[in-house]
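Read off the chains here:
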Amino acid sequence: MGAHDFEQVISGATLPEAFRDAVEQAQHEYGPNPYSGTVGMKDEVLLIEEGSRTEGEAQARAHELIEADDERISDKWGPAGALPLHPIDGQPAWLLFGWVAS
């Protein structure tokens, strides 16, 4: 099986809560298939860099890290990366990204 990159914006009180919500949403929508190609297959998340950004800035940085095959997010079975975003509707938010099995 192969792999592809993913990105997902999620908000929540903390990164662990937001990540858990993103995983639960993906598993509810796509099931527990380990090759669904979604964040639902990730077991952990790693905050890559501090400092909030716009969604566009975060996407550009995520693309740089994916293209550079950054070892923190290059394993399709490893952690998802996260970059903090400016708050969305007053809630902390993150861009989750990385590689997933497909």
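Conventions adopted
- The numbering scheme is per chain: residues are counted from 1 as the chain's sequence reads.
- Predicted model: local features are reported for residues with pLDDT of at least 70 only, side-chain atom pairs are reported and counted for 80 or more only, and whole-chain, interface and lining totals are derived from all residues.
- The basis for every side-chain value is the complete set of heavy atoms in the structure, and neither hydrogens nor water enter the calculation.
- Take a side-chain nitrogen of Lys or Arg and a carboxyl oxygen of Asp or Glu: if they are within 4 Å of each other, that pair is a salt bridge.
- Residue burial is assigned from relative accessible area. The probe radius is 1.4 Å, only protein chains are included, and a residue is buried under 20% of its type maximum, exposed over 50%, and partly exposed in between.
- To qualify as a helix, a DSSP run of H or I must reach at least 4 residues; to qualify as a strand, a run of E must reach at least 2; elements of each kind are numbered from the N terminus.

Draft legend 1. Seen up close, the pattern of salt bridges. For the structure on display, the rule yields 4 salt bridges. In this structure, the salt-bridge partner of Arg53 is Glu49, at a minimum N-O distance of 2.5 Å. Among the residues examined, Glu49 registers a relative accessible area of 18% and is labelled buried. A salt bridge links Glu49 to Arg61; its shortest N-O distance comes to 2.6 Å. Of the two residues, Glu49 sits in the loop between strand 2 (45–47) and helix 2 (55–67) while Arg61 sits in helix 2, which places them 12 residues apart along the sequence. One salt-bridge network, in which partners are shared between bridges, spans Glu49, Arg53, Arg61 and Glu64.

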